[in-house]
Amino acid sequence: MAMLAGALRSGVLSRAAPAVLRPSTFSRPLLSRGFSNVVFAKTHEWIKTEGGVGTLGITDFAQGQLGEVVYCDLPEVGAKFKGKETICTLESVKAVGEVYATVDCEVVEV
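Residues numbered from 1 in each chain as written. Predicted model: local features only at pLDDT ≥ 70, side-chain atom pairs only at ≥ 80, totals over all residues. Heavy atoms only, no water.

**Describing the overall build of the chain**
Inclusion rule: By definition, any uninterrupted DSSP run of H or I lasting at least four residues is a helix, any uninterrupted run of E lasting at least two residues is a strand, and each is numbered from the N terminus. By definition, residues are in contact when any of their heavy atoms lie within 4.5 Å. Throughout, the Shrake-Rupley method with a 1.4 Å probe supplies accessible areas, and for residues the shown protein chains are the sole cover considered.
Of regular secondary structure, the chain possesses 1 helix and 11 strands. Walking the chain from its N terminus toward its C terminus, one meets helices and strands in the order β-β-β-β-β-β-α-β-β-β-β-β. Considering only intrachain contacts with a sequence separation of at least 6, the fraction spanning at least 24 residues in the chain is 52%. On the chain, roughly 6,200 Å² of surface is accessible, and the fraction owed to carbon and sulfur atoms is 52%.

Now the structure itself:
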């Protein structure tokens, strides 16, 4: 399983591409359970928050659809994204997938 690491302040991503975020506001096309600290977007990204910092990645389903990831275009530290903008691109032998910000965010670590 390919894992990507990064950190974002006030934003969102998912499981094949974890990243750390500080959520500002979550507009709700995101799905969450009351007892969980993981929030899923309809575009197969997720964010897990702990102590005011969030980890962003892609779902198992999205990973399965991509297959083996051969290249990942990660953002630079300090890059800012608005909701629904592409944060990174995952290239596999089968396809190219984009990981979207579900909220406004800033990359603080990659």
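**Let's talk about the pairing of strand β9 (residues 86-92)**
Under the convention used in this document: The buried label goes to any residue with under 20% of its type's maximum accessible area, the exposed label to any with over 50%, and the partly exposed label to all in between, with areas taken from a 1.4 Å probe on protein chains only. Two strands qualify as a pair provided that DSSP identifies no fewer than 2 bridges between them.
In terms of burial, β9 is a largely internal element, 5 of the 7 residues being buried. Two elements, strand β7 (residues 69-73) and β9, share 4 bridges in a ladder whose sense is antiparallel. Looking across to β9, one finds that Val69 is bridged to Ser92. The pairing of β9 with strand β10 (residues 96-100) spans 5 bridges and is classified as antiparallel. Each bridged residue has a counterpart across the sheet, and for Thr89 the counterpart in β10 is Glu98. What sits between β9 and β10 in their antiparallel hairpin is a turn of 3 residues.

**Comments concerning unusual backbone geometry**
For His44, which is not glycine, the phi torsion reads 70° and is therefore positive. Secondary-structure assignment places His44 in the loop between β4 (38-40) and β5 (45-50).

**What to know about the sheet that holds β7**
Going by this rule: Angles shown run from 0 to 180 degrees and are taken between the N-to-C directions of axes, each axis being a line fitted to C-alpha atoms and, for helices, limited to the stretch in contact.
The strand order β7-β9-β10 describes an open sheet built from 3 strands, whose pairing is antiparallel. The two strands at the open ends of the sheet, each matched to only one other strand, are β7 and β10. Strand-to-strand twist of the sheet, defined as the mean angle between neighbouring strand axes without regard to direction, takes the value 20°.

**Section: the confidence of the model for the chain**
Defined as follows: What pLDDT expresses is the predictor's confidence in each residue, scored from 0 to 100.
In the predicted model, the chain carries a mean pLDDT of 74, and 68% of its residues have values of at least 70. Segment residues 1-17: pLDDT under 50, and 102 contacts once partners within four positions in sequence are set aside and those in other chains are kept. Segment residues 25-29: pLDDT under 50, and 10 contacts once partners within four positions in sequence are set aside and those in other chains are kept.

**As for the pairing of strand β6 (residues 53-58)**
Of the pairings in the sheet, the one linking β5 to β6 comprises 6 bridges and is antiparallel in character. Residue pairing for β6: Glu45 is matched across the bridge by Ile58. Between β5 and β6, which pair antiparallel one after the other, the connecting turn spans 2 residues, and Gly51 there sits at a positive phi close to 60°.

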